[in-house]
Amino acid sequence: MKRLIALSLVLMLFLAACQEVSEDTNPIPIADVEEPVISVAEEITDQEELEILWRDYLFFAIATVMNTEQYDSVAEIDPKYMIRYCWNQYVEEKGAQELEQQLAVASPYSARRLFPLEAGLEYVERYFDTRDIELDKLSDSLYNPDGRYFTLKVREREIPSYRDDNAWGMKLGKVLRYEDGRIEVEINQMASDRRDMVERVFTAKLAAREDGSLYFVSGGWRFLDNDSISMEGAYRELGILDKRFERVIGETDTALYLSNKETETPILVLAKESFEVINELSHAQTEYLRLPALDGDTITLYLEDSIEIYDLFLQPMGKIALPECLIPQTEEERIFGLDLSQDGERLVFADREGLKIYDLTEGQEHLLTPTMLGRGQPPDGKKNRYYFHPRFVGNGTKLIATLAGYDYNTGFFCYDMESGASQVVEEYFDGMSTEHLFQDTGMLTWIESLAREEEEVQDNPYFELYYYDFYSSETNLIATALKEEALNYVRVASTLYNGKHHVAFLTYTDNQDIIHVNRLDLSIWDVELDLLRLQGGRLNILGVLEDGSILFSYYRNPAENGLGLIP
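Thresholds applied
- Residues numbered from 1 in each chain as written.
- Predicted model: local features only at pLDDT ≥ 70, side-chain atom pairs only at ≥ 80, totals over all residues.
- Heavy atoms only, no water.
- Patch = residues over 30% accessible without salt bridge, like charges linked within 9 Å, V, L, I, M, F, W, Y side chains within 5 Å.
- Areas by Shrake-Rupley, 256 points an atom, 1.4 Å probe, with all protein chains shown as cover.
- Salt bridge = Lys/Arg side-chain N within 4 Å of Asp/Glu carboxyl O.
- Lys, Arg positive; Asp, Glu negative; His and termini not counted.
- Charge placed at Lys NZ, Arg CZ, Asp CG, Glu CD.
- Helix = DSSP H or I, 4+ residues; strand = E, 2+ residues; numbered from the N terminus.
- Pairing = 2+ DSSP bridges.
- Axes fitted to C-alpha atoms, helices over the stretch in contact; angles between N-to-C directions.
- Buried < 20%, exposed > 50% of the residue type's maximum accessible area, 1.4 Å probe, protein only.
- Phe/Tyr/Trp six-rings, centres within 6.5 Å; stacked < 30°, edge-to-face > 60°.
- Lys NZ or Arg CZ within 6 Å of the ring centre and 35° of its normal.
- Contact = heavy atoms within 4.5 Å.
- Polar contact = N/O pair within 3.5 Å; in protein donor to acceptor, adjacent residues only side chain to side chain.

Trainee: With reference to specific residues and values, describe a positive patch on the surface.
Mentor: A cluster of basic residues, Arg84, Arg112, Lys153, Arg155 and Arg157, forms a positive patch at the surface. Within the secondary structure, Lys153 is located in strand E5 (residues 149-153).

Trainee: So what about the sheet that holds strand E16 (residues 293-295)? Which residues, and what values?
Mentor: Spatial ordering of the open sheet is given by E16-E17-E18-E19, a layout of four strands whose pairing is antiparallel. The open sheet has two edge strands with one neighbour each: E16 and strand E19 (316-321). Averaged over all neighbouring strand pairs, the angle between strand axes comes to 20°, with direction disregarded.

Trainee: Got a sec to walk through the pattern of salt bridges? Specific residues and values, please.
Mentor: Applying the stated criterion across every chain, the model contains 28 salt bridges. Among the ionic pairs, Glu118 bridges to Arg131, the shortest N-O distance being 2.5 Å. Taken together, the positions of Glu118 in helix H5 (residues 117-128) and Arg131 in the loop between H5 and strand E4 (143-144) put the pair 13 residues apart, joining distant regions of the chain. The salt bridge partner of Asp351 is Lys356, with a shortest N-O separation of 2.9 Å. With relative accessibility at 12%, the residue Asp351 sits in the buried group. One continuous salt-bridge network, built from bridges that share partners, spans Asp351, Glu353, Lys356 and Glu365.

Trainee: Break down the packing of aromatic side chains for me, with residues and values.
Mentor: Applying the stated criterion to the full structure yields 26 aromatic pairs. Consider the rings of Phe115 and Phe150, whose centres lie 6.2 Å apart with planes at 45°: the pair is tilted. With a gap of 35 residues between them, Phe115 in strand E3 (residues 112-116) and Phe150 in strand E5 connect regions that are remote in the sequence. Using a relative accessible area of 0% as the deciding quantity, one classes Phe115 as buried. Between the aromatic rings of Phe202 and Trp221, the centroid separation amounts to 5.2 Å while the plane-to-plane angle is 70°, which identifies the pairing as edge-to-face. Taken together, the residues Phe202 in strand E8 (residues 198-208) and Trp221 in strand E9 (residues 214-223) connect sequence positions 19 residues apart. Comparing Phe202 with Trp221 shows no difference in burial state: the two are buried. A connected cluster of aromatic rings, assembled from ring pairs, spans Tyr57, Tyr85, Trp87, Tyr90, Phe115, Tyr123, Tyr127, Phe128, Tyr143, Phe150 and Phe216. One residue, Arg182, lies across the ring of Tyr178, its end atom 4.2 Å from the ring centre. The residue whose ring lies beneath Arg200 is Trp221, and the NZ or CZ to ring-centre distance is 3.7 Å.

Trainee: Summarise the environment of Glu353; cite the residues concerned and give the values.
Mentor: Structurally, the position occupied by Glu353 is in the loop between strand E21 (346-350) and strand E22 (354-359). Sequence separation between Glu353 and Tyr387 is 34 residues, and the spatial gap between their C-alpha atoms is 9.5 Å. Apart from the residues within four sequence positions on either side, Glu353 is in contact with Leu367, Thr369, Pro370 and Thr371. One polar contact links Glu353 to Lys356, side chain to side chain, over a distance of 2.7 Å.

Trainee: Give me the lowdown on the side chain of Gln439, citing residues and values where you can.
Mentor: Looking at where Gln439 falls in the secondary structure, it is placed in the loop between strand E27 (422-425) and strand E28 (442-449). Discounting residues that sit within four places of it in the chain, Gln439 has contacts with Phe470, Tyr497, Asn498, Gly499 and Lys500.

Written out as structure tokens, the structure reads:
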């Protein structure tokens, strides 16, 4: 009862206040407010109508228009995709017989035809409601401005039904039609490893003319988080990937330094506690000779024509101009890797002639060892074994480089700077490339072995691991359980990282999508297998920290990815 009386008093006071305002002030006219128009959409389910939409508008967009990740207007579509889309529609509607008869290139049997500009623009206007396309962005092989024609290839193909499988793994999803005739279409791309799961969706919006014809207005892709990555093991989740990390190049007590695949910021600094980006190096250069390097309290950035030195706060300390011999003018003159010595006085590099040292104080280059000729092959430049990615190691006392043949690595080469002695280690292959060396102590590599005693598994290879010590030039065989069938498949490059005290590497369950993270303790030569298992995505080892923890990234698509740390 008390609540009811109180509410009545409040209401009386409010009415009195309203009356007072209406008597003492001029009334304010209220403008007519238009009610928002709610456009009602209906889902199109008629198979015949969907078939027409798929055939007349959508199918040829898969390999052309849908290559543009996102466009809010047709002006944002790459013009080459617009032209190729229109060309396919032209051939589907009219065929290429007329062009073949009048404008055939070289012979009537050529698959390439000349598509007149005016005919192309007619189709651009039909399907994109514009004739304004940036022809100057097209390559010379696609558009001839003098002849005002496009050169395109005729591909004979049958348009499959929207209900049938196609080469791109695309399926027609929900299709909506609005009151004004607009069409909104979802095209689902199924996952390559799971054809029952939608990986990403392209939404295309088409406007309608009075005659019922449609034209593209906007579109774009979005990835779906299907929660399809599973991980087993002890690890700390560090969040999603908002930067493209490549490798850990070094660390301090409080920070990690990583190279970054975004070339305008080649170095990122993470706080060790939070793993958040606390600093980054911005650079106008877009091409680099190799990944950055951290040595002590300096960071080295290898550019096309110079080397820049930074401190740990990413402030510039100095710059070294590269000599002319290290700035190739032709493909034949290109170098195969570069490294600066710790004292900053020498450069080691490799080219087609061999492994060389350039003395910056003398301004002279010296050939240490020539390119190795291929076994039993003439020196034709293809069968030779070249030195790639040379590095100063062993506190500057040694050089090491990858030996590479025509299309694969054949081993590595070690050179003693003090004695001049060299060592070729050839029995190791496809293990560790010196491109990914960030410590100068040693590296893990392996050989494939078929030496199983059991006759029934004689043809099933496994891998023997070795650690090559840069200081002693000795190899240590690592006794592991990799002979087990479940862990007999080893990968390289970003799947392996040589740290100061530990090495992390991946193995793969044969014929299955399971990745295993393993760690080698260099002080006791003990391997910990299966620290982490990941299924349904990719995993890259970014670095092994001094305490042995492993920083890794995992990725399936932009909606399913992240950083993790294995303690």
